Structures are given as structure tokens and as C-alpha cells.
Amino acid sequence: MKSCAKKDMGRVLKVWSEDYRVIGPARQTQGDCIFDDFDEATFTMDYGKPSLPPKGSLFPNSEITFTVSEGEYHENTEREKVLLFGIRACDMMGIRQAANFMARGFDDPFYRARCENVLTVVMACKGPQNETCFCTTMRSGPWAEKGFDLQIFDMGDVYLVEAGSERGEMLMIERFFTEATSDDGERLASLKRESAAKVADVPAVRTAMERLAAGDVDDAVWDYFGGKCIVCGGCAFVCPTCTCFTVYDVVRGPREGERVRAWDACLFAGFTREASGHNPRSSQGLRLKRRHGHKLLDYNAADIQEAVSGCVGCGRCSDYCPVHIGTLEVVKAIAAW
Amino acid sequence: MTNTINEFDEADLFFVIGTNTTAQHPLIGSRIINAKERGATLIVVDPREIQLARFADLHLRQNIGTDVAVLNGIMKIIIEEELYDVSFVETRTEGFDDLKKTVARYTPAIVEMISGIPASKLETAARLYAEADGAMIVYAMGITQHTTGTDNVKSCANLAMLTGHVGRPATGVNPLRGQNNVQGACDMGALPNVYSGYQKVIDDAVREKFESAWGVKELDDKVGLTITDMMAAAVTGDVKALYVMGENPMMSDPDSSHIEQALSNLDFFVVQDIFLSETAHLADVVLPAASFAEKSGTYTNSERRVQLARAAVTPPGTARQDWEIICDIATRAGYAMAYASPAEILAEINAVTPSYGGITFDRLSGGYGLQWPCPNEEHPGTPYLHKDKFAKGLGTFLPCDFRPLAEVPDEEYDFLLTTGRIYYHFHTGTMTRRTNLLAREAPGPTFEIHPDDAAKLGIRDGDMAELETRRGKITLNAEVTDRVPRKVVFSTFHFNEAPVNLLTNPVFDPVAKIPEYKGCAVKIRRCS
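Presented here is an overview of the structure given in this document. (Residues numbered from 1 in each chain as written. Chains lettered and ligands numbered in written order. Predicted model: local features only at pLDDT ≥ 70, side-chain atom pairs only at ≥ 80, totals over all residues. Heavy atoms only, no water.)

This part covers the layout of surface pockets. Volume-wise, the second largest pocket comes out at about 1800 Å³. Taken together, 49 residues form the lining of the second largest pocket, with A:Ala269, A:Arg287, B:Tyr424, B:Glu479 and B:Arg483 sitting closest to its centre. (1 Å grid on protein atoms, 1.4 Å probe; cavity = no way out; pocket = protein on both sides within 12 Å on 5 of 7 lines; lining within 4 Å. Points joined across faces, edges and corners; volume = space filled by probe spheres on them.)

Below, the discussion takes up the packing of aromatic side chains. Given two aromatic rings, their pairing is described by the distance between the two centres and the angle made by the two planes. Enumeration over the complete set of coordinates arrives at 21 aromatic pairs over all chains. Grouped by ring-pair contacts, the aromatic residues A:Phe59, A:Phe237, A:Phe245, A:Trp263 and A:Phe268 constitute a single cluster. We note A:Lys55 situated over the ring of A:Trp263; from NZ or CZ to the ring centre the distance is 4.7 Å. Over the ring of B:Phe390 we find B:Arg92, and its NZ or CZ is 4.7 Å from the ring centre. (Phe/Tyr/Trp six-rings, centres within 6.5 Å; stacked < 30°, edge-to-face > 60°. Lys NZ or Arg CZ within 6 Å of the ring centre and 35° of its normal.)

The subject of this paragraph is empty space enclosed by the protein. All names here are of chain A. Summed over the entire model, instances satisfying the criterion amount to four cavities of 30 Å³ or more. In this structure, the largest cavity occupies an estimated 100 Å³ of space. Cys-90, Cys-125, Gln-129, Cys-133 and Cys-135 are, among the 14 residues lining the largest cavity, the residues nearest its centre. Its residues assigned to classes, the lining of the largest cavity shows nine nonpolar, three polar and two charged. Of the voids in this model, the second largest cavity is the one considered here, and its volume is about 90 Å³. Elements with a minimum of two residues in the lining of the second largest cavity: helix 11 (284-296) and helix 12 (316-320). Considering only residue class, the lining of the second largest cavity consists of nine nonpolar, three polar and three charged. (Nonpolar A, V, L, I, M, F, W, Y, C, P; charged D, E, K, R; others polar. Helix = DSSP H or I, 4+ residues; strand = E, 2+ residues; numbered from the N terminus.)

Our next topic: the sheet that holds strand 12 (residues 297-300) of chain B. Residues and elements named next belong to chain B. Here we have three strands laid out as an open sheet, ordered 12-13-14, and antiparallel in their pairing. Each edge of the open sheet is held by one strand with a lone partner, namely strand 12 and strand 14 (370-371). In terms of strand pairing, strand 12 meets strand 13 (residues 305-309) through four bridges, oriented antiparallel. By the bridge assignment, Thr-298 is partnered in strand 13 with Leu-308. (Pairing = 2+ DSSP bridges.)

To continue, consider the packing of helix 12 (residues 227-236) of chain B against helix 14 (residues 256-264) of chain B. Residues and elements named next belong to chain B. Put simply, helix 12 and helix 14 touch, their axes get as near as 7 Å, and they point 60 degrees apart. Between helix 12 and helix 14, the angle is such that the two are oblique. The interaxial crossing formed by helix 12 with helix 14 has left-handed handedness. Counting all contacts with helix 12, which are made through Met-231, Ala-232, Ala-234 and Val-235, the residues of helix 14 involved are His-258, Ile-259, Gln-261, Ala-262 and Leu-263. Across the contact of helix 12 with helix 14, the residue classes tally to seven nonpolar, two polar and no charged. (Axes fitted to C-alpha atoms, helices over the stretch in contact; angles between N-to-C directions. Parallel < 35°, antiparallel > 145°, perpendicular 65-115°, else oblique. Left-handed = near helix turned anticlockwise from the far one by under 90°. Contact = heavy atoms within 4.5 Å.)

Before going further, it helps to examine the pattern of salt bridges. Residue and element names in this part refer to chain A. In total, this model carries 59 salt bridges over all chains according to the counting rule given. With a shortest N-O distance of 2.9 Å, Arg-252 and Glu-258 are connected by a salt bridge. Three or more residues are tied together by salt bridges with common partners; here these are Glu-63, Arg-79, Asp-108, Arg-114 and Arg-261. (Salt bridge = Lys/Arg side-chain N within 4 Å of Asp/Glu carboxyl O.)

Quick look at the interface of chain B and chain A now. Listed per partner, the contact involves 20 residues of chain B and 23 residues of chain A. Counting the surface lost from both chain B and chain A, the interface buries some 1700 Å², and carbon and sulfur atoms represent 46% of this. When the area that chain B buries against chain A is broken down by residue, the three leading residues are B:Asn436, B:Leu437 and B:Arg440, summing to 27%. Where chain B touches chain A, the interface holds two salt bridges. For A:Lys228, the salt bridge identified is with B:Glu37, shortest N-O distance 2.8 Å. Inspection of the chain B/chain A interface yields 14 residue pairs in polar contact (both at pLDDT 80 or more). Looking at the side of chain B that touches chain A, the elements that each hand over two or more residues are helix 2 (26-37) and helix 18 (436-441) of chain B. Examining the composition of the side of chain B that touches chain A, we find that six residues originate from one element, helix 2 of chain B, more than from any other. Along the lines of polarity and charge, the residues of the side of chain B that touches chain A split into nine nonpolar, seven polar and four charged. (Buried area = accessible area lost by both parts, 1.4 Å probe. Polar contact = N/O pair within 3.5 Å; in protein donor to acceptor, adjacent residues only side chain to side chain.)

Now the structure itself:
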């Protein structure tokens, strides 16, 4: 554990940018904050829940996997070194779950190449970032247990910084980082207790999980949500653990082309439509049932790490769904039906 | 829109007529769904069982093309039951007696005969709308794409004025634009009769203002041609050259055979687009343009909000921003048009367009857009129009009588064909059909037909069928669904393998010159 003066953090990132493409919180001209390439002028430590999880750095919304030109095949696995600064603990859990899933059974060289070149710096939360945070229920936050290279705690006067890997140790440049004291350890323990206590528990998640596991969910729940879903796929795109993709080819010329993979979502009818036209998930309600089953049942027990399920409790689906079909709304409906 | 999208969250009642908004403006559709869940009332007037109909307190399924009769019928009930806003009518409007006289003929029984809407439902709708505190009329192309499009719009306005549902938050007449900048294009004078901000070309003072701004003499004082007029003039040879930007009339205009004939008859034809569209294939010169993500400038949306967009990527190859292409062409044609940037162009717009006077580049850079009218830099913009008075002073009721579709089904062409868009594709598909996921979701052309009609014709779901009108025929797959009423089929103009505008009727609203895409007579045959 080391400590870093608050005023130095921007300078630390500047040093890191010499070796890495550093992506972190950036204040926009309109006042809102997005995650973008580090720039001293826009860098800020005053930010809440990033609107998107960092999954795009490991799994871009579209990427060329290989190109073919004049009969030559070229696999696209060259990667720049990326440092993700200031991601939240829930997102760290999202990365761990997704990485485990993507590595299971067979090698995905495109994803693996990014994983190997991405460093993570987690910024622990001092409480919920907004009313949809439920990381404590899902055991994914408000600080990360592992997976990160560095984790930062805001102690008010200084940052305490914990290394989670050798790469992380290397990041702590002597000039800016000093050894923490035993006093700091105690202060951190009490900060963690306070932070966790501020994030509300959502018992409906457990009730919903039990009912789903028992097959005890009235189909009327899914009919209700299916009736108002506008099929934008946004819940999947903002989800840290959604990694479904589609694959297609782009012809660039007579002897030239590329294969692309791009984000897909199980909310789209074509995701499960078969060649005959038959669709085993024949209605939007059934597609939502499948999606929430995947998030809340342990279909993916092998991949959930120390969390409770495939949902990490970031609450973004509830933040952004235009018609309020986020996980929070769904579990509450299941629990109350 | 007279009002603002955020006001959807406060309205007490929505009167949704002729818009499948969850498919065409899903985020606006979402607001209506959410409003319904918080307790607002929803009246849907649409022949098809659209997604919003599921949430509607009342779904009136009118026969296609009978909107004026329906709206007149509603107004008659409101006047007869004295549910109208007497003080608004007296202080803010004129022509009430004319309106009263016209709508008096539209008794519920007569309207039921014309529109197929049961009299009792019409009465309920009238009472709900009139008695609501904040009621918003929401419409789109289901109102406008008729030979009676202008009458339909006037009738919506009459209804709002009659009940005082205009000039206040969460009320008004709210046409939902089908494209991100159709409002902006009109605002900038991409119309045959006006300069920017709807300043008339026939007005001497306006013309002098633009002559002095541009340093030219004798700007044309004649009103130009609408698109549909241009096509007719190309056929006769009166129009000899055409320069089309970002439009695909070969797919989007009615009676495509006629459009092909018109375009082929031109001496010189230029198309500026981002892809080689069906129309660009016919051009003598194609100018490659930048796509939305590759250009900077402003868009003006449905709620009159001007928003700044900045290029995210550079245009590929030799593609360039539209304004750069136009400047070069003007310069080579002898007028040195040399703007340095979109900011400089906006500064000129601010100077010559009163309603855009305060919508400056600096203000847009630091915020989330401004709604016109915004006459000066101190003005905050205008969330809703017609607050204390109408632009012209008193609002004039413009009563209209019902006129049927130009082409109604007969013994031979016994079905009604209506056209529109679906959720996954935009217009003629030049962009969305090149987008893998969207193309997967809706890979090819289909038409919707009611199960009873399909059974009579021996058509099963997915079967190929031929649709034929007096203009042409296409073959496509049937989707058997009760989303459409009996004797009506619905299809879209997204797919060039079955271009539905080969079939549509080239008849136009006499004022707006918009074609009657929403209804023509068609016959249907199953393909063996």
C-alpha cells in the first residue's frame, strides 16, 4: 500500500501516457464527464458512474478480426498498450467475468490480445454513485477484491493506492508514491466499512433469483415488459458482462475484404431466428426472459468469479432503458408479482 | 412541434394520430409509454394495430384517408356538448362560426359511416380530449401523406385551438419529424418559396436584404418548383438540369417509372450522396459527400432545437463536406463563395434569419442546443410557441370538408395499399441496408395482410405474392398479421428488390404537393 498526493494524480497520468494509451475521466465542454484519452486540460477526478463500462477497450463495438487481400490472410491481433484509469469496482468485476467467459473452452486470440495489453486502475467508490447502484448485493463493490493492477482509495487528504499485480507495482513511480503508514491501514478499513454501508442492499434480487431458479415466475411479468420494450438493445450494450457478437464480411474490392465482429444483443429477434424462419424465442417477452435468466441465474456459474451472478449491480440498464426495463425494475416486478 | 419533447413527461393526454412513433421515433414513443404508466390518457387514431395501441385507453381505427371526417366529428361533439374553451375561442381566434357550420354536418353517425369508427368511441375521444388539462396532439406522415394532407393538418390545428390546447406547456400540435434535420432544411430555405427563416422570395424587402448580404443584384423574385413539380417539368423538358443532394427519388417518389422517365430526360443530372444510390446510378456526375459522422455543423430537430455536431472521423477517399462542395461549385460558376467554416456560415445565418439571430456557434458549443425563435444572444430560446398570441395575431379556424382518397378500391383493384417505414430501416435503405445487424433484423421486403384476406387468397405467412396497381407490380413475401385491418395491405419503401413506389399513386396535395403515399388501390395475387 502506498500513498499519493492528490495534486500529483494528473502528473502521474502524464507519465503513464508516455508508455500507454491512458483512458480516463474527461470533463466535456458541456460539463458532463466521459471516459476518453487522457488530456491534462480535461482530466478530472470529480466524476461518478461512467456512462459506459470499459468493455469497449477489450471488446470493441466493432472490430476487424482479419483481412484478406490478393489471397493473403492477415489476422488482426496487434494491440496498443492501454491503461484504463479510474474504472469502478463493478466494472472490474465485469471485466473479470467477461474475460473468464471469453477464455472458456477455446482461445479467442482477438480478445486475449487486448486483455494482455490492458492495465486497470480501479477507483474505489465511497458509496453509491446514484440511486441504481447495488454492487454490495451482487458482491462486486464498492471496492474491488482482485483483478486490478492498481486500486485507489480517496482518503480525503491523500489517495491510498493498492497494487494488485506486479505490473501495478511497476506503475507506482517513486517520485509520486510513498509508503503508507500503519495508521493508513486502519483508516482504510474504516473507510471500506462506511462505503459499503452506504450502498443499499436490494433483497428483491435474491427473491427474483430464487423464483427464477424455481421456475416460479409468472409469464405475465415477461408479457408486461415485452409489450413495452422498444428493442433498442441498449441494456446489452451498456452491460459490463454482455459479450455476444455477430460476425459479417465486408467486401472492399474484387480481391479484398475483411471479417468484422460487432456487438449483438439477445433482444433482437434475428439473434435467435433460425434459417427456416422459426424463432425459438418468438416474442419480445421471451427474449427478455432469456436475457434476465442469463444475468440472474447461474447458467454461467463458472464465470461469475466471487460475485452473485452474471449481473454486477452497476445499474446502467436501469439508468438508461428508455422504458424502465432495467435489472432493478425486473427483479422488483418478479419479487412483487 | 409547437411544443417540446420534455413536455411529454407532463402531459395529461396524448392524441396520437397517424404516427407509428415507437417504430419511427422510439425515444418519443418511450415517453408516451412512460406517460401512460404514470397515469396519462392515451388516444390512438390509426388504422393499424401499432405498438402504442396496446397501451391506448382508446384505439380508433379509422378507414384510411378519413382523418378530416374523424377530426370534424370530434369537434362537432365538443361544440355541441359545450366542452370547448369559450374564452380561448373568443380572445385568441377568429372564424369560429365558419368552423361550427362546417363541422355541424359531421354527426357521429355520418362519421361512423365514413370512417368506420363507432359513434360511441368518437364521443368518448372527444370528451377525453376536450376535458384534459394538458393535451398534446402528436402526428406524423399518416396525417400529411395524403391529397388532403394540408386539410388534415388544418383540422388538427382547429381541434387544438377549439379546446385551448395550444400556447401552454404540454399541449399543442406536434408533428414528429421523420429525419434528424428536415426541420433545419426547411428553416434554411430548402423550399421553393422562401429564404431562411421562412422569409418570402416574393417580398421585395426580404430580397433586398439578401442581395445586400450576398453582394449580388436581382435575386429571382419568382417562386420555384417543388420536387414533384420538377419531375413533371423534367418529363416535358421544361427542366433541363437537376442537382440532387442526399435524396433518392428513384426509391422515394411515387410512381417510380415516371421518375425514371423524368430523370432520363434531363440534359444534365448531378447527384451528391454518400453511396451510389438508385438515383445516383442515373447521374452524369456523382459528387461524393461526407456522412453525418464525417461532417460538422448544426441539425435542427422536431422540437426546433438547433444542435451542434462535430465530425468524429474524416471522410474517406475524395468525399467532402457538403458546404465545401457547394462553395467550390458556386465559385467555379462565377460567384466567389468562400466560407472558412461551419461557424462562419452560422454567423451569416444569425445575421439574416431573425428566428436564428441568437443561435450562435459559441452558445451552441457550450450547451445542449437552442430552440427557435431565439432572436438575440440574450434570448433563452422558445420551448413552446403561440404563448400569448399567434404569430399572425388571432388564430384563424380553417374548416375543411372531407374528401376521399384520390384512388379508392374497386372491383378489379380491390385492396387498399398503404405505405410507411419499419423500425429497422430508414427511408430508401441506402444506409440501414448496409448495416449488418439492421439488415439481419429486416432482410427483405414484406407486406402485411390480414389473416382473413390471406385465407381467401390462399396466401400463407411467408408466401410470395404479387401486388399490382395501375402503375406497376412487385413481388414480395406476405406477413400474415392482424396488425392491419381487413382489405388493407401495408408495405415499405426500403427495398429496391420490391420498390413499393412503383405502385403508389402520383397524386398530390394541392398546396404542399406531398404525394398520397398512404393510400391507393391494389390487387393481390399469390405467386405459385
